[in-house]
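One letter stands for each residue in the lines below.
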Amino acid sequence: MNASAVTYDTRPDRRPLLQRIAHASEPYLYSAPALILIVAVMLVPLVLGISYAFRDIQILNPFSGGYVGLDHFRELSHDQSFYRALKNTLWWTGGSVFLQFIFGLILALLLDKPFYGRGLAQALVFLPWAVPTFLAGLNWAWLFNPVIGPLPHWLYALDILSEPNNILSDPQLAMWGPIVANVWWGIPFFAITLLAALQAIPRDLYEAAAIDGAGPVQRFMSITLPFLAPTIAITVLLRTVWISNFADLIVVMTNGGPADRTQIVASYIFTQAFKRLDFGYASAIALVLLVLLLAYSMLIVLLRQTLLNRG
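Remember, predicted model here, so these are calculated numbers, not experimental data. Residue numbers here run from 1 along each chain, matching the order of that chain's written sequence. In keeping with the predicted nature of the model, local features appear solely for residues at pLDDT of at least 70, side-chain atom pairs appear and are counted solely at 80 or more, and the whole-chain, interface and lining totals rest on all residues. Excluding hydrogens and water, the side-chain figures rest on all heavy atoms present in the structure.

Draft legend 1. Inspection of the side chain of Asp-79 at higher detail. In this text, helices come from DSSP runs of H or I with a minimum length of four residues, and strands from runs of E with a minimum of two, each type numbered from the N-terminal end. Take Asp-79: it is sitting in the loop between α3 (71–77) and α4 (80–111). Only protein chains enter the accessibility calculation, which uses a 1.4 Å probe; a residue whose area is less than 20% of its type maximum is buried, one above 50% is exposed, and one in between is partly exposed. Within this scheme the basic residues Lys and Arg register as positive and the acidic residues Asp and Glu register as negative, but His and the chain ends are omitted. Take a side-chain nitrogen of Lys or Arg and a carboxyl oxygen of Asp or Glu: if they are within 4 Å of each other, that pair is a salt bridge. No salt bridge forms around the buried Asp-79; measuring N to O, its nearest opposite-charge neighbour Arg-276 is 6.0 Å away. Working rule for contacts: check all heavy atoms of both residues, and any pair within 4.5 Å makes them a contact. Once you skip the residues sitting within four places of it in the chain, Asp-79 turns out to touch Tyr-268 and Tyr-281.

Printed below as a string of structure tokens:
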């Protein structure tokens, strides 16, 4: 076997100093525009928002802006409206993510089967994802209005409602309105991602399992779910974080009412910042939400890594 010798040039670099510095910094100069954009768009607002949480920032108060330390967090610890919004956030996020995942998985399984007109069906299924959230919330608010919308009358005909009233004005049912709108709007995300993962599963595995006598349920449990598990973990993580910060539908459809029954933490931040114009207190609430979501994300990532290591 012929061995090839590798030689290294040990001669000193005799180029001018400025030329050597320019050559060494060339990769960083190429990536500088992207880094500057990331810092300007993401890091600077994040640092400013965190600093506002420890300052008294009130737009209508010209004497505000001073450092208040942990005063906002002490006030937040006694704020019953915040705890109610946090409880509503758990209900809003859990119900939305669960229903979006279930219907998205069902749609992905249906669209994974070849049939005539599947391309058109996929386009129609993914259409809600292209609708602006403001417009989606406005349309669903109209649908739940018994004067111009059919949904209250349909629910009354099915004996779900005692009379055709607007559920958005009912404190016991109001949260279901934004959840239904959010599920309709967010199903395509799960359908798209899960369909891509389904189409990546080797078909010969299903054929081998069918030859061995495995039924549809057994093939789903032993082949489909294990292959989908990493995608499910990532999509559920992303949607949970997004929906927890997603106040558009709440603001458009109910504005947090009635009696704060649909007020979530994200909409409560919006209320404090743009209605009370107290950016300091709103930033403190946002910082608490950030910490909670970071803890949740770390928990999901660690759980996923544990399951992958066991596998």
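Draft legend 2. Quick look at the layout of surface pockets. The calculated volume of the largest pocket comes to roughly 470 Å³. Within this scheme a cavity is a closed region of a 1 Å grid, computed over the protein atoms alone, that accommodates a 1.4 Å probe without allowing it to escape, whereas a pocket is open but has protein on both sides within 12 Å along at least five of seven lines; lining residues each have an atom within 4 Å of a point. Taken together, 16 residues line the largest pocket, and the ones lying closest to its centre are Pro-45, Leu-46, Gly-49, Ala-286 and Leu-290. Within the residue set of the lining of the largest pocket, elements represented by two or more residues are α2 (26–52), α12 (265–274) and α13 (279–310). No other element matches α13, which puts seven residues into the lining of the largest pocket. Put simply, Ala, Val, Leu, Ile, Met, Phe, Trp, Tyr, Cys and Pro go in the nonpolar bin, Asp, Glu, Lys and Arg in the charged bin, and everything else, Gly too, in the polar bin. Each residue belonging to the lining of the largest pocket can be placed in one class, and the counts come to 13 nonpolar, three polar and no charged. Grid points are joined across faces, edges and corners, and a volume is the space filled by probe spheres set on the points. Put simply, the second largest pocket is a space of about 280 Å³. Put simply, the parts of the chain that give the lining of the second largest pocket at least two residues each are α9 (203–211) and α10 (216–244). Of the residues assigned to the lining of the second largest pocket, the class counts are six nonpolar, one polar and four charged.

Draft legend 3. Here's a closer look at the pattern of salt bridges. The full count for this structure, using the stated rule, is three salt bridges. Ionic pairing is found between Arg-74 and Asp-71, a salt bridge with its closest N-O pair at 2.7 Å. Pair noted here: Arg-74 and Asp-71 are both in helix α3, with a separation of three residues, about one helical turn. With a relative accessible area of 48%, Arg-74 lands in the partly exposed category. For the salt bridge of Asp-260 with Arg-84, the shortest nitrogen-to-oxygen distance reads 3.9 Å. Within this pair, whereas Asp-260 is found in the loop between α11 (248–253) and α12, its partner Arg-84 is found in helix α4, the two being separated by 176 residues in sequence.

Functional significance is not addressed by these values, which are geometric in nature.
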